[in-house]
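Chain by chain, the residues run as shown.
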Amino acid sequence: MALQGPIPVSFDQVFPHGCYVVGEVEPVKDFDASTNGRFVQSRDKQSGELVWQVAVMDADPTVKPGQKTVAVKILAPVQPVPPAPMPGLPFTPVEFDHVTVTPYVNGTGRLAYSIKVRAMRAPRTAAVPATVPAKNAVTAGKEAA
């Protein structure tokens, strides 16, 4: 099979309605290397980068409440910093770059996905679609006639 390892996807494929940071960025524990009293941070098997984790809430209104919060693993040499909070919003919107998913069967026998990313940033502002007329475009056209 040609597909092996993490599958590259776009942020919009995973979170088409966006997502929000709802937890702290924390190091992921390597359970095999850690011992009582000695914490060892996990490293990604493919890249060797340190693995960090942040909880995010999926903004998709059709997602069941129990599935709204997911963990996103961030591969980075230093602890990533979430974007600055936006005034008036209870949660901080976030986007991720270089997203991959790895399917696996969870403890209950259901298909699940591990989400890994390379970068976390503030959402890009959406451009105004070309089908939406600019403010006063109709008025400007009448004045020119």
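On a predicted model such as this, the values are computed, not experimentally measured, just so you know. (Residues numbered from 1 in each chain as written. Predicted model: local features only at pLDDT ≥ 70, side-chain atom pairs only at ≥ 80, totals over all residues. Heavy atoms only, no water.)

## Concerning the packing of aromatic side chains
Right, so step 1: For the coordinates displayed, the defined rule picks out two aromatic pairs.
Right, so step 2: Taken together, a centroid distance of 5.6 Å and an interplanar angle of 40 degrees make the contact between Phe11 and Phe15 tilted. Taken as a pair, Phe11 and Phe15 share a single burial class, namely buried.
Right, so step 3: Centroid distance Phe11 to Phe96: 6.3 Å. Interplanar angle 55 degrees. Geometry classified as tilted. Residue Phe11 is found in helix 1 (residues 11-14), and its partner Phe96 is found in strand 6 (residues 92-97); the two are separated by 85 residues along the sequence. Of the two residues, Phe11 and Phe96, both sit in the buried class. (Phe/Tyr/Trp six-rings, centres within 6.5 Å; stacked < 30°, edge-to-face > 60°. Buried < 20%, exposed > 50% of the residue type's maximum accessible area, 1.4 Å probe, protein only. Helix = DSSP H or I, 4+ residues; strand = E, 2+ residues; numbered from the N terminus.)

## Considering the side chain of Arg121
Right, so step 1: One can find Arg121 in strand 9 (residues 119-121).
Right, so step 2: One polar contact links Arg121 to Glu95, side chain to side chain, over a distance of 2.8 Å.
Right, so step 3: Reaching out from Arg121, the side chain makes a polar contact with the side chain of Asp97 at a distance of 2.9 Å.
Right, so step 4: Once you skip the residues sitting within four places of it in the chain, Arg121 turns out to touch Pro83, Val94, Glu95 and Asp97. (Polar contact = N/O pair within 3.5 Å; in protein donor to acceptor, adjacent residues only side chain to side chain. Contact = heavy atoms within 4.5 Å.)

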